[in-house]
Amino acid sequence: MTAALRDRLAGYAFVGPFLLVYAAVLIVPLVMGIVISLHRADLFGRREWIGLDNYAQALGDPVLHQAFGNTVLLAVLIVPPLTVIALLLALALNRPGKFAAVLRGVFFSSLVLSVTIVTLIWRFILTPDAGLIAEGLEAAGRAPIPFLSDPDLVIPAIAVTTLWWSLGFPVMLILAGLQQVPGDIYEAAALDGAGRWTVLRRITLPAIRRTLLLVVMLQTAAQLQLFGQAQLLTGGGPGGASRTIVLYIFEVSFGRWELGYATAIAELLFGMIIALTLLQYWLVTRHEEPRA
Amino acid sequence: MSGLELIDVSKSYGATPVLERVSLSVLPREFIAFLGPSGSGKSTLLRIIAGLETADSGEVWLDGERIDTRSPGARGIAMVFQHYALYPHMTVRENMAFGLRNAGVARDEITRRIAQAADILEIAEQLDKKPGQMSGGQRQRVAIGRAIIKQPRLFLLDEPLSNLDAALRGRTRVELAQLRTRVDAALIMVTHDQAEAMTLADRIVILDDCCIQQVGTPAEVYARPANAFVARFVGSPPMAMLPATIAGEEAGRVCVRLAEGTVLATAVPAGELVAGTEVEVGLRPEHVRLAAPGEAGLAAQVELVERLGDRTFLYAKLEGGAEIIALEPGFGTVRPGDAVTLAIDAPCAHVFTASGAAHHPEPRA
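Let us look at the structure shown here. The residue count restarts for each chain, going from 1 along the sequence in the order it is written. Chains and ligands are labelled sequentially in the order written, the chains with letters from A and the ligands with numbers from 1. Given that the model is predicted, a residue must reach a pLDDT of at least 70 before its local features are reported, and side-chain atom pairs must reach 80 or more before they are shown or counted; all residues, however, enter totals for whole chains, interfaces and linings.

1. A short note on the overall build of chain B
What chain B contains, in helices and strands, is eight helices and 21 strands. If one aligns the C-alpha atoms of chain B with their principal axes, the spans along those axes are about 75 × 45 × 40 Å. Neighbour counting defines burial: a residue surrounded by 20 or more other C-beta atoms within 10 Å of its own C-beta is buried, one with 12 or fewer is exposed, and intermediate counts give partly exposed, using backbone-placed C-beta atoms. The proportion of buried residues among the 365 residues of chain B is 40%. Contact between residues is assigned whenever the C-beta positions, reconstructed from backbone atoms, fall within 7 Å. Contacts in chain B between residues far apart in sequence, at least 24 positions, make up 63% of those at least 6 positions apart. The numbering of helices and of strands both runs from the N terminus, where a helix is a DSSP run of H or I of at least 4 residues and a strand a run of E of at least 2.

2. Side note on the sheet that holds strand 6 (residues 77–80) of chain B
Residue and element names in this part refer to chain B. Whether two strands pair depends on DSSP finding at least two bridges between them. On the basis of which strands lie adjacent, the open sheet formed by six strands has the order 6-7-8-3-9-10 and mixed pairing. In this open sheet, the two strands that pair with only one neighbour each are strand 6 and strand 10 (211–216). Going from strand to strand, the sheet's axes swing by 20° on average, the running direction of each strand aside. Both strand 7 (residues 154–158) and strand 8 (residues 186–191) contribute to a ladder of five bridges, which runs parallel. Bridge pairing in strand 8 places Asp158 opposite Val190. Axis lines are fitted to C-alpha atoms, over the contacting stretch for helices. Their N-to-C directions set the angle, which ranges from 0 to 180 degrees. Lying on the sheet, helix 4 (residues 136–148) is in contact with strand 6 and strand 7; it crosses strand 6 at an angle near 180°.

3. Re the sheet that holds strand 18 (residues 323–329) of chain B
All names here are of chain B. Strand order in the open sheet formed by five strands is 15-19-16-17-18, and the pairing between neighbours is antiparallel. Two strands close off the open sheet at either side, each with one partner strand: strand 15 (288–290) and strand 18. Along the sheet, successive strands turn relative to each other by an average axial angle of 50°, direction set aside.

4. Examining helix 5 (residues 115–126) of chain A
Residue and element names in this part refer to chain A. Under the convention used throughout, the expected extent of a helix is 1.5 Å for every residue step, that is, one less than its residue count. Look at helix 5: 16 Å from first C-alpha to last across twelve residues, which is about the 16 Å you get at 1.5 Å a residue. Within the sequence span of helix 5, burial applies to Val118, Thr119, Trp122 and Leu126. Along helix 5, the residues classed as buried sweep out an arc of 90° about the axis, all on the same side. Exposed side chains of helix 5 directed beyond 90 degrees from the buried face belong to Thr116, Ile117 and Phe124. Considering only its buried residues, helix 5 is in contact with helix 6 (132–139), helix 7 (154–166) and helix 12 (228–233). Throughout, the arc means the angular range of directions from the helix axis out to the C-beta atoms.

In structure tokens, the structure reads:
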């Protein structure tokens, strides 16, 4: 065996285990999903080829349309505020000292809670009978607000819950981005007489634009798949007002056992997320020159 | 009072003092080098002048105005950073314009100044590039351009040559020398490279141990170092220091006895140096040479030979262990391990007392 061949085999041996796992848990299910979506299929293995019928059904499904609207609205209500709040927090916490370190830990801590705990906490806050907000309103002599049963309030309520839960990770990402910015640029800006606002706008934001893009892309992809909060807080109600796409997929597959149709919706969602992510990347990077 | 004036500037980080009551006057248009080993406080002093650090006490004045109470941008100072600190996402043009825009300079004035600076520094072709697309030398020029364009009253240069390779360093040194003729401002350069300081500066400020050890022209700090530290620090290779005792005096000049017994008649005025005092005798390599055959001298064993082409340095050990460095013109034939006899130009020797105070030779009246 030649040395070159041995090197190549060693290389494949290093990459091999990862490729196997990657294929087993991602590539194979993706392909199987596409295949299943072209069948009328249930959870018990019955398969009947129907071509693109499931996709045609999805395009005309009023429940899916409503779920789509809910999901997009949630993403719009969550991603921009989340990015801005995370940026402001990261800017405030990007300093030495024990106090800032403790606060960094506090903001990160909500992230380690499971969705079950998070929804439980927010149920205590939102519920109109003896919830935290209701108690406050009552003390002020106002009637409690039924956040989780009013069709107009349920989406904002889920959005706020998700904001609270999801803040930690973007804050950490942006903090990491801020710490990559070389300190001497800020010193040069100070000597150039730049005020705080100018420094933020002309130095800091351009320096972390790739981190911000990453945050927006990750959060968009995550919030379009919002599921646990909606299922646990409202079960999609009232009247489907908080049903998200993934919650609908769950209902179709495990409630109605229509696996083929559920998979078709999942593939549509997958395509939508990929397209949005690429669009965001293109929008942000199209003016950047290739790096030297 | 025009120029820069530092009055009793002190700074410490926690319990660690960095600068202790440093005072200094810099004349307008003067080129000053802060020279010192790592941790001597030279960079901290530069950053205090720039306003990037605050002094614990003391005052900084520039052209008759107190500036240590002002923000860095309001001091009339420009700085070239060690790693250039160019704004990576801005073009060269934007990098240079940034400070002027913040200062509210009119748009066509900015354009005019950029064109002028780009012309001087030969970067006119690079104006629309970003720093990431440029070489180290080009970035250095942009950093200098960004400083010039502000027409500051004082230029600060933090280790300006340390990031460049040897060839570029020589060229940039020439450019820095030209820079001073083009700007109507004083320049202060921080460096740990004495060749830079010696060749560029009008005066050198040597810092060590939180204090200024000496301020003087390159010739002064070389020929009349204020103390043993400066004597060791300036000069390459450094001055050799031989332990000795004062043997007596002869016509008002001290004679010293080296550890191995030889007595040297120096040209150092006796003054308060009394016989029996323990001292160190400082000898520059150019005052130690190989003795001619038959000439009396110090027996030594060569340990290391440094051949530079035009001259050769011999690092040798005297009997008794003291280290001495001799200079031989040309390429030389001495090899490590050779036993040699060294002739010493005793009237050029310096004498340092135990406290480090220097006593220099003086020509006889």
